[in-house]
Amino acid sequence: MPINTTRILTPLFEELRGERVLVRPYREDDAAALYEAVAESREHIRPWLPFADEHQTVEESLAVIRHFISNWLVREEMTVALFDAQTGQYAGGSGLHPRNWEIGFFEIGYWVRKSAEGKGYISEAVKLLTDYAFASLQANRVMIRCDARNNRSAAVPRRLGFVEEALLRNDSIATDGTIRSTLVFSLTPDDPRWP
Ligand SMILES: CC(C)(COP(=O)(O)OP(=O)(O)OC[C@H]1O[C@@H](n2cnc3c(N)ncnc32)[C@H](O)[C@@H]1OP(=O)(O)O)[C@@H](O)C(=O)NCCC(=O)NCCS
């Protein structure tokens, strides 16, 4: 299979720093922190994301991180770790996921550990990743999607002024196997940012 050298050689950040959050790609030595964060958050993640019952050991978290690192290297998925900017404590995960490199279309996903919810880490991380996508990756579209029942998740793009584009009714399967509807939000370069 031919490799996409342009995409793979696209420079990416080493870290993005805000007032409260530090965003950077995963490293192997994050495995214990990732394991602990998921272990304390399983009930809170389970309704919305598929990995609540993964990370049963630190070794398993290390394997997941190696997968993130390999995807980062080839720009397949840019999964990132989030840390408290002051204390360095691991707070959760996010990602800038390419959906179409040719047109500069990226999707942002996120989760925060239970003990770090309600502190604004995710809203700030989404701002940093979105600004980076427009400024450095020539993005034309940054999208966020969530289960229509996930009010805390939908509050993130709403808080940041993303345009609410659609409610896709009964379009996919939730983690519990039921049919879910999906909210779609996006920003384009011409939209006002961070009202
Ligand atoms: C969805 C999820 C990431 C949202 O986390 P969150 O902590 O509510 O989001 P933020 O980090 O942006 O924090 C916003 C909260 O911090 C508060 N906050 C404090 N300081 C803030 C600041 N400087 N900026 C923004 N918000 C701030 C806000 O008031 C808000 O709290 P409220 O909901 O009580 O009003 C989290 O609930 C989660 O991980 N859920 C499980 C996984 C999941 O659903 N992921 C998304 C799948 S689509």
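Rules and cut-offs
Residues numbered from 1 in each chain as written. Predicted model: local features only at pLDDT ≥ 70, side-chain atom pairs only at ≥ 80, totals over all residues. Heavy atoms only, no water. Near = heavy atom within 4 Å. Areas by Shrake-Rupley, 256 points an atom, 1.4 Å probe, with all protein chains shown as cover. Helix = DSSP H or I, 4+ residues; strand = E, 2+ residues; numbered from the N terminus. Nonpolar A, V, L, I, M, F, W, Y, C, P; charged D, E, K, R; others polar. Axes fitted to C-alpha atoms, helices over the stretch in contact; angles between N-to-C directions. Parallel < 35°, antiparallel > 145°, perpendicular 65-115°, else oblique. Left-handed = near helix turned anticlockwise from the far one by under 90°. Contact = heavy atoms within 4.5 Å. Pairing = 2+ DSSP bridges. Salt bridge = Lys/Arg side-chain N within 4 Å of Asp/Glu carboxyl O. Buried < 20%, exposed > 50% of the residue type's maximum accessible area, 1.4 Å probe, protein only.

J.: In this structure, what is going on with the site of the ligand? I would like to understand it.
T.: Taken together, 20 residues sit near the ligand, with Glu117, Gly118, Ile122, Ser123 and Asn150 positioned nearest. Expressed as a share of its isolated accessible area of 940 Å², the protein-covered part of the ligand is 74%. Going through the elements one at a time, strand S5 (105–112), helix H5 (121–136), strand S6 (141–147) and helix H6 (151–160) are the ones with two or more residues in the shell around the ligand. Partitioning the shell around the ligand into residue classes produces eight nonpolar, six polar and six charged.

J.: How should the packing of helix H2 (residues 31–39) against helix H4 (residues 58–73) be read in this particular structure?
T.: In a pair of packed helices, the angle between the axes and the distance between the axes together describe the arrangement. Two numbers describe how H2 lies on H4: the axes approach to 8 Å, and their chain directions differ by 110 degrees. Between H2 and H4, the crossing angle belongs to the class labelled roughly perpendicular. As for how H2 packs across H4, the hand of that crossing is right-handed. Across the interface between the two elements, Ala31, Ala32, Leu34 and Tyr35 of H2 pack against Val58, Ser61, Leu62 and Ile65 of H4.

J.: I keep staring at the environment of Leu82 and nothing clicks. Help me out?
T.: Within the secondary structure, Leu82 sits in strand S3 (residues 78–84). Note: C-alpha distance between Leu82 and Leu34 (48 residues apart in sequence) is 10 Å.

J.: Even after reading the chapter, I still don't get the packing of H5 against H6, so can you show me in this structure?
T.: At a minimum axis distance of 10 Å, the contact between H5 and H6 shows a crossing angle of 55 degrees. Here H6 runs oblique to H5, going by the angle between their axes. Crossing angle aside, the handedness with which H5 passes H6 is right-handed. Contact residues: Ile122, Ser123, Val126 and Lys127 in H5; Val156, Arg159 and Leu160 in H6.

J.: So what exactly am I meant to see when it comes to the sheet that holds strand S2 (residues 21–25) here?
T.: Within a sheet, neighbouring strands are paired by backbone hydrogen bonds and run either parallel or antiparallel to one another. Taken in spatial order, the eight strands line up as S1-S2-S3-S4-S5-S6-S8-S7 in an open sheet, and their pairing is mixed. Edge positions in the sheet fall to strand S1 (16–17) and strand S7 (163–173), since each has one partner strand and no second. Pairing between strand S4 (residues 90–100) and S5: eight bridges, direction antiparallel. Each bridged residue has a counterpart across the sheet, and for Ser94 the counterpart in S5 is Tyr110. Where H6 meets the sheet, its contacts fall on S5, S6, S7 and strand S8 (179–187), and the angle it forms with S8 comes to roughly 15 degrees.

J.: Mind showing me how you'd approach the pattern of salt bridges here?
T.: Pairing between side chains of opposite charge can happen when the charged atoms of each approach one another. Counted by the stated rule, this structure contains 18 salt bridges. Between Arg46 and Asp53 there is a salt bridge, with the nearest N and O atoms lying 2.6 Å from each other. Given a relative accessible area of 30%, Arg46 falls into the partly exposed group. Its relative accessible area of 47% is what places Asp53 among the partly exposed residues. Among the salt bridges present, the one from Glu165 reaches Arg141, with a minimum N-O distance of 2.9 Å. Placement of the pair is Glu165 in strand S7 and Arg141 in strand S6, with a sequence separation of 24 residues. Residue classification places Glu165 among the partly exposed positions, given a relative accessible area of 41%. Through salt bridges with shared partners, a single ionic network connects Glu77, Arg99, Glu107 and Arg145.

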